[in-house]
Amino acid sequence: MRSELKEYGFIWSVHSLLSLGAKVANGTPKEVQKLLNSVPHFRDLLEAFLAYGEPGRLFLVGFARYMEMILNAHKEGKKLCFTTFCQSPAILHAMGVVPVVLEVVTVAGTLMRGSAIGEYMDVCLEAGFTETSCSSQRGSMGAFLAGLADKPDFVLINTPGICDTNANSFAFAASYFDIPFYQLNYPPTLTEERSRQYHRADFKNLIAFLEEQTGTKLDLDRLRNIMAEIQKQDEIICELQEMQRLIPSPVPGIYNLFIYALRFTLGGLPECTELLTSMLAMAKKNAAEGKSGLSGGEEKKRALFVYIDHYAANLPLFKFLDSRGIAHLGGILDRFYQEAAFYSQGQGYSFKTATLDEMIDSLAMQNSRLPMVKQIRGPYDAPEMWLEEVKNLAELTQPDFTLYSGTPGCRNTWGMVKLLVSDLEKAGYPTHVINSDAFDDRVESWTATAQRLEEFLELRGLA
Amino acid sequence: MDATLLEAASQIENPLLSEFKQKGGKVIGYPCSHVPEEVIEAAGMLPFRLRGIQTRSTSIGDTYFGPFVCSCPKALLQNAGRGRFHFLNGVIMVQACDSMRRLDECWRKAGNDFPGIVPDFFHYFGVPHKVTDYSIAWFADEIRKLAAALEKQFQVTITNEDLSRAIEETNETRRLLLRLEEIRRRPDTPVTGTEAMSLILAKTALPKKEYNKLLSKELKKLEKKSNPKNVGRLRVVLAGSVLDDVSLISLIEAEGALVVADTVCFGARAYRGEIPPGEDPYVTLARRYLNEQFCPRMFGYSKQRLALITDRFEAGNADGIIFQNIRFCDLHGSENGLFEGRLDKVGTPTMRIEREYGTMADEGRIRMRVAAFLETIKKRKNAA
């Protein structure tokens, strides 16, 4: 790793950039320009966020707050927990634990630290990790392994049997740091009674684990408050996503990222609610005026994502879609399966908070419906799994085409994506597989990725 | 070495399997060591562990799987697509690791293009990733469901007595293989790693009773024998990804070493842990098959796995450990990396190789690396 990358802490540097961005959002044009000139890696993106007005500013504020929580956790006597994006942070916040959501932090590093993230990824290889593992964890994990951030205190994941590559990254980190490890484990079915019982037992054990790690008892009122906040957030998210069904969709594509980035990290905290409220107001305003959420105003085509987005090199995918008048209708990453969500079809969760058992059941239900956990735990064409979900979403949101984006580490989805694509094509949805790494443009440059995407749109008459 | 055992180890089909089929016996295939073969035995059927041997390409596998997937399930699908598993009456698909569990869909979909390759009985079998009282209870229930599905499909009844008998028969196999392990540990062992692996692999394709008889006979011969030429040969332990043929071991031994122990799937991992009698057999099966497998798909148990490898290294009086993983097997690959670093710190000679599954696709490279590794061990020993 270049010596200059070791000069400043990773979390510290990301936090500094974000908080400066958040502060300058209310500044004069001169102040904005001055900052933009000083942050070459972050410049394009910061400019883009600022262009989104209040939601853009609140995203910067919220994300800076999240980084600050990680940065100050140990100073404030809190525990740091390595965790994954498809694990709800609610229980961690309730226990006063700061979740380090590796995938989200990798995205932050990718966006703000440029090529540094590739070097952090390589630190993992030096520690013995495989290069074929998922880059979404490797990026930020490398910075932690290199000692550029505080050592985590324990690990909590829920991905064994969902995405083993993901689970393996966290198991590796736990072994490397020699810290406690807890896995929530899911059977390959979703709604069977024995699956529910398994979830409950597993979640109760998790609470015991967290109590042991933190030395504090779970505060039921605190958990109840966090769950109440999540309910508020859920209602807003459901409304926003309902609006994505409108033609044109009044919801800007970047909102999908805003939804999941803060929901995965600050779900249940007021910063997330504030951002969502602001986004809803903006989308409603667009809808009232019959405007699309695209910066050009005109919606020419609609795209549904069947897996994740693409983040390497300053979120080029979002810009690509926006500049061509293609509405981003969201995807698997921001479908949380609330009971009220338009796509839930009786498979959704709702919160009951009268007793601890009710809360545990509710959280277990919520967790088992988070991205990946819900769709890819069993065979792709089994009831309630990937194919059924994508077809359902496509029917309800009317995309012109669907897109798969992942990383070469997505062993599970790469094992079945060809079959999924074939079924979606048969169902009448042109589908393109982006063959790059969503977090690492050293695998395939964005230029090459964009070229292939252009070819797809051209050949399928979608340009 | 007995010709029947050798043939069963090196070929997909063998005479005893054909004979079993001709007598009306049913054969059930499965791709992972987490499947309790005793249930299949108890149903009077032959449990057949699927192997990718005899493949020369993965063209069929590549058609259905994506590019970044382990070549092991691709080779299995290749054999299925080529009709080499034509004798199967059923298949149990397993939630093993990411690559292997996707064999379920890929095989089913390939069936549309290669008619007749999907047996009527195609059962998806879940396996928890942790060992707790509730995961054992869930898994016992999953095993009961498997038994019920076999009963329904093949119109048979599996009683607890049948199951206990099958458990005892499989325990006998485990005891025999542990005797083989003891023989391998001797300084003048008469058996090479290649031969030992052949004896172990044959277990996966033969009727249990016949296999136990043949193995027992073979062990009696080996226990009386010794090979002074093996005294002083460098002794290595093989760890890591699945290994279902002898080519890698034979390559290592061709370079002068002796593979005296392993912790690989198909190898030692498949015969650890006798099942005690007495309890509900489904619960005892669940406990054994979750506790004893030591595959890194059981996340959070790396200390135990390292302890097992170290134990094999010490008990086998070995000189080094060869860690290998199939490309895209990140579970073994990254754990190998971790273990390599840990063992290096305590002075244990290790090497780590990444390879493709099956017949030696990059034999020259691996041969050179193994030779260099053995050379370094020799130098260290001479310097000591």
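Residues numbered from 1 in each chain as written. Chains lettered and ligands numbered in written order. Predicted model: local features only at pLDDT ≥ 70, side-chain atom pairs only at ≥ 80, totals over all residues. Heavy atoms only, no water.

J.: I tried to follow helix α14 (residues 316–323) of chain A on my own but got confused; where do I start?
T.: Because an α-helix completes one turn every 3.6 residues, residues spaced three or four positions apart along the sequence face the same direction. All names here are of chain A. Burial runs high along α14: six of the eight residues are buried. Within α14, burial applies to P316, L317, F318, F320, L321 and D322. Looking at the buried positions of α14, the neighbouring elements they touch are α12 (254–266), β5 (301–305), β6 (326–331) and α19 (446–459). (Buried < 20%, exposed > 50% of the residue type's maximum accessible area, 1.4 Å probe, protein only. Helix = DSSP H or I, 4+ residues; strand = E, 2+ residues; numbered from the N terminus. Contact = heavy atoms within 4.5 Å.)

J.: Would you mind showing me how to read the interface of chain A and chain B here?
T.: One frequent convention defines the size of an interface as the accessible area lost when the parts assemble. At the interface, 50 residues of chain A touch 46 residues of chain B. For the chain A and chain B pair, buried surface summed over both sides reaches about 4000 Å², with 52% attributable to carbon and sulfur atoms. For the chain A face of the interface with chain B, the top three residues by lost area are A:D164, A:R194 and A:R411, together amounting to 18%. Inspection of the chain A/chain B interface yields nine salt bridges. For the interface between chain A and chain B, the tally reads 40 residue pairs in polar contact (both at pLDDT 80 or more). Those elements that place two or more of their residues in the side of chain A that touches chain B are α9 (164–177), β4 (181–183), α10 (193–214), α17 (411–414) and α18 (417–426) of chain A. Element by element, the count of residues in the side of chain A that touches chain B is highest for α9(A), at eight residues. Of the residues that constitute the side of chain A that touches chain B, the class distribution is 23 nonpolar, 16 polar and eleven charged. (Buried area = accessible area lost by both parts, 1.4 Å probe. Salt bridge = Lys/Arg side-chain N within 4 Å of Asp/Glu carboxyl O. Polar contact = N/O pair within 3.5 Å; in protein donor to acceptor, adjacent residues only side chain to side chain. Nonpolar A, V, L, I, M, F, W, Y, C, P; charged D, E, K, R; others polar.)

J.: What is the right way to read the pairing of strand β7 (residues 320–326) of chain B from this model?
T.: Regular strands have side chains that alternate between both faces of the sheet. All names here are of chain B. Among the seven residues in β7, seven count as buried, and that is most of the element. Covered by surrounding structure in β7 are G320, I322, Q324 and I326 together with I321, F323 and N325, the residues of both alternating faces. Note that strand β5 (residues 235–240) and β7 share five bridges and pair parallel. Each residue of the ladder has a partner; that of V236, found in β7, is G320. Pairing between β7 and strand β8 (residues 350–355): six bridges, direction parallel. Its bridge partner being in β8, I322 is matched across the sheet by M351. (Pairing = 2+ DSSP bridges.)

J.: What am I meant to see in the packing of α14(A) against α19(A) here?
T.: Think of two packed helices as two axes; the pair is described by the angle between the axes and how far apart they sit. All names here are of chain A. Interhelical geometry of α14 versus α19 gives an angle of 35° and a closest axis separation of 11 Å. The element α14 and its partner α19 pack so that their crossing is right-handed. Facing P316, L317 and F320 of α14, the residues of α19 in contact are W446, A450, L453, E454 and L457. Of the residues that constitute the contact of α14 with α19, the class distribution is seven nonpolar, no polar and one charged. (Axes fitted to C-alpha atoms, helices over the stretch in contact; angles between N-to-C directions. Left-handed = near helix turned anticlockwise from the far one by under 90°.)

J.: I would appreciate a short explanation of the sheet that holds β8(B) in the present structure.
T.: Paired through their backbone hydrogen bonds, the strands of a sheet run either parallel or antiparallel. Residues and elements named next belong to chain B. What the four strands build is an open sheet, ordered β6-β5-β7-β8; its pairing is parallel. A single partner strand is all that each edge strand has here, and the edge strands are β6 (258–262) and β8. Across the sheet, the mean angle separating the axes of adjacent strands is 30° when strand polarity is ignored. The sheet contacts of helix α15 (residues 330–345) involve β5, β7 and β8, and relative to β7 the element is tilted by about 160°. Contacts from helix α16 (residues 363–383) reach β5, β7 and β8 within the one sheet, and its direction differs from that of β8 by about 175°.

J.: Looking at this structure, how should I read the layout of surface pockets?
T.: In this approach the atoms are scanned with a rolling probe the size of a water molecule, which exposes any empty space left behind. Residue and element names in this part refer to chain A. If you add up the space inside the largest pocket, you get close to 520 Å³. If you trace the largest pocket, you find 24 residues lining it, with Y52, P252, G293, S295 and D322 closest to the centre. Secondary-structure elements contributing two or more residues to the lining of the largest pocket are α3 (43–51), α12, α13 (270–288), α14 and β6. In the lining of the largest pocket, the residues fall into 14 nonpolar, six polar and four charged. Roughly 310 Å³ of internal volume is contained in the second largest pocket. (1 Å grid on protein atoms, 1.4 Å probe; cavity = no way out; pocket = protein on both sides within 12 Å on 5 of 7 lines; lining within 4 Å. Points joined across faces, edges and corners; volume = space filled by probe spheres on them.)

J.: Sorry, what's going on with the packing of aromatic side chains here?
T.: Each aromatic ring pair is summarised here by two numbers: the centre-to-centre distance and the angle between the ring planes. Residues and elements named next belong to chain A. Scanning the entire structure with this criterion turns up 40 aromatic pairs over all chains. Each ring, one from F10 and one from Y120, has its centre 5.0 Å from the other, and the planes form 70°; the classification is edge-to-face. One end of the pair, F10, is in helix α1 (residues 10–24); the other, Y120, is in helix α7 (residues 116–126), and 110 residues separate them in sequence. In this structure F10 comes out as buried when scored by relative accessible area, which is 0%. On the numbers, 5.8 Å between centres and 70° between planes, the contact of F401 with F456 is edge-to-face. Taken together, the residues F401 in strand β7 (residues 401–404) and F456 in helix α19 connect sequence positions 55 residues apart. (Phe/Tyr/Trp six-rings, centres within 6.5 Å; stacked < 30°, edge-to-face > 60°.)

J.: Would you mind showing me how to read the side chain of A:T130 here?
T.: If you trace the backbone, A:T130 turns up in the loop between α7 and α8 (135–145). With relative accessibility at 5%, the residue A:T130 sits in the buried group. A distance of 2.8 Å separates the side chain of A:T130 from the side chain of B:D330, its partner in a polar contact. Contacts of A:T130, omitting those with residues within four sequence positions, involve A:L125, A:R138, B:D330, B:G333, B:S334 and B:R352.

J.: It is not clear to me how the environment of B:S33 should be interpreted in this structure. Could you clarify?
T.: All names here are of chain B. When you line up the elements, S33 lands in the loop between β1 (27–30) and α3 (37–42). Exposure remark for S33: the relative accessible area of 7% places this residue in the buried category. For S33, the residues in contact, after removing those within four places along its chain, are R49, C265, Y289 and Q293.

J.: What is the right way to read the side chain of A:Q213 from this model?
T.: With respect to the helices, strands and loops of the structure, A:Q213 is situated in helix α10. Apart from the residues lying within four places of it in its own chain, the contact partners of A:Q213 are A:K79, A:F154 and A:P180.

J.: Teacher, can you tell me more about the pattern of salt bridges here?
T.: Pairing between side chains of opposite charge can happen when their charged atoms approach one another. Scanning the model with the defined rule gives 65 salt bridges over all chains in all. Notably, a salt bridge pairs A:R411 with B:D330, separated by 2.4 Å at the nearest N-O pair. One end of the pair, A:R411, is in helix α17; the other, B:D330, is in helix α15, on a second chain. With relative accessibility at 2%, the residue A:R411 sits in the buried group. Among the residues examined, B:D330 registers a relative accessible area of 1% and is labelled buried. A salt bridge links A:R460 to A:E425; its shortest N-O distance comes to 2.7 Å. Taken together, the residues span a long stretch of sequence, with A:R460 in the segment after α19 and A:E425 in helix α18 at a distance of 35 residues. Judged by its relative accessible area of 38%, A:R460 is partly exposed. The network of salt bridges with shared partners includes A:E192, A:R194, B:D141, B:E142, B:R144, B:K145 and B:D280.

J.: Please clarify how the state of the cysteines should be interpreted in this entry.
T.: Simply put, the disulfide is a covalent bond whose two ends are the sulfur atoms of two cysteines. Enumeration according to the criterion identifies zero disulfides over all chains in this entry. Cysteine A:C272 is unpaired, with the sulfur of A:C238 as its nearest cysteine sulfur at 13 Å. B:C97 forms no disulfide, and the closest cysteine sulfur to it belongs to B:C329, at a distance of 6.5 Å. Overall, the relative accessible area of 26% leaves B:C97 in the partly exposed class. (Disulfide = S-S within 2.5 Å.)

J.: Sorry if this is basic, but what is going on with empty space enclosed by the protein here?
T.: Scanning all chains against the criterion turns up eleven cavities of 30 Å³ or more. For the largest cavity, the calculated volume is near 400 Å³. For the largest cavity, the lining is made up of 34 residues, of which B:C97, B:M100, B:V242, B:C295 and B:C329 are closest to its centre. Each residue belonging to the lining of the largest cavity can be placed in one class, and the counts come to 20 nonpolar, six polar and eight charged. Elements represented by at least two residues in the lining of the second largest cavity include exactly α4 (53–72), α6 (102–113), α8, α9 and α12 of chain A. Per element, the largest residue contribution to the lining of the second largest cavity is five residues, and it comes from α6(A).

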